[in-house]
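Letter by letter, the chains look like this.
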Amino acid sequence: MFKRLAEVGAPVAITVDGRRIVARAGDTVAAATIAAGIDHCRTTPVSGAPRAPYCLMGVCFECLVTVDGVGSRQGCLVPVREGMEVETQSGKRKAGR
């Protein structure tokens, strides 16, 4: 569904749920996961339904992920950096994360 308009920016390797993906410098975590074909970044606490990035500008909170051990980060607002570790969030946020 989504396609990059141009391959600009240096390659940046990040890990998403233990899987290495290559993003581009200047990408956000949400853009990098979409470009890598990852179809959701969290599940809802009540029903467990998968949720994916929606607004990509920090308004909706659908793109919440854990970045380098810090939970509930908005993936659309976090720029990728080399070696970053991202985890999808399943259900309710764990205490301390």
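Residues numbered from 1 in each chain as written. Predicted model: local features only at pLDDT ≥ 70, side-chain atom pairs only at ≥ 80, totals over all residues. Heavy atoms only, no water.

## Re the overall build of the protein
- For the protein, the helix and strand inventory stands at one helix and seven strands.
- Helices and strands appear in the protein in the N-to-C order β-β-α-β-β-β-β-β.
- Relative to the 2.2 N^0.38 estimate, which gives 13 Å for 97 residues, the radius of gyration of the protein is 13 Å and therefore close to what a compact globule would have.
- Expressed as lengths along the three principal axes of its C-alpha atoms, the size of the protein is roughly 40 × 25 × 20 Å.
- Within the protein, the proportion of its 97 residues that are buried is 35%. (Helix = DSSP H or I, 4+ residues; strand = E, 2+ residues; numbered from the N terminus. Rg over C-alpha atoms; globule rule 2.2 N^0.38 Å. Buried < 20%, exposed > 50% of the residue type's maximum accessible area, 1.4 Å probe, protein only.)

## Describing the nonpolar core
- One finds Ile14, Val29, Val80 and Met84 to be the most contacted residues of the largest nonpolar core, which totals 18 residues.
- When residues no more than four places from it in sequence are discounted, the contact partners of isoleucine 14 are Arg19, Arg20, Ile21, Ala32, Val80, Arg81 and Met84. (Core = buried A, V, L, I, M, F, W, Y, C linked by side-chain atoms within 4.5 Å. Contact = heavy atoms within 4.5 Å.)

## A look at the pairing of strand β6 (residues 70-74)
- Relative to β6, strand β5 (residues 64-67) runs antiparallel, the two being bridged by three bridges. The partner of leucine 64 across the bridge, within β6, is glutamine 74. (Pairing = 2+ DSSP bridges.)

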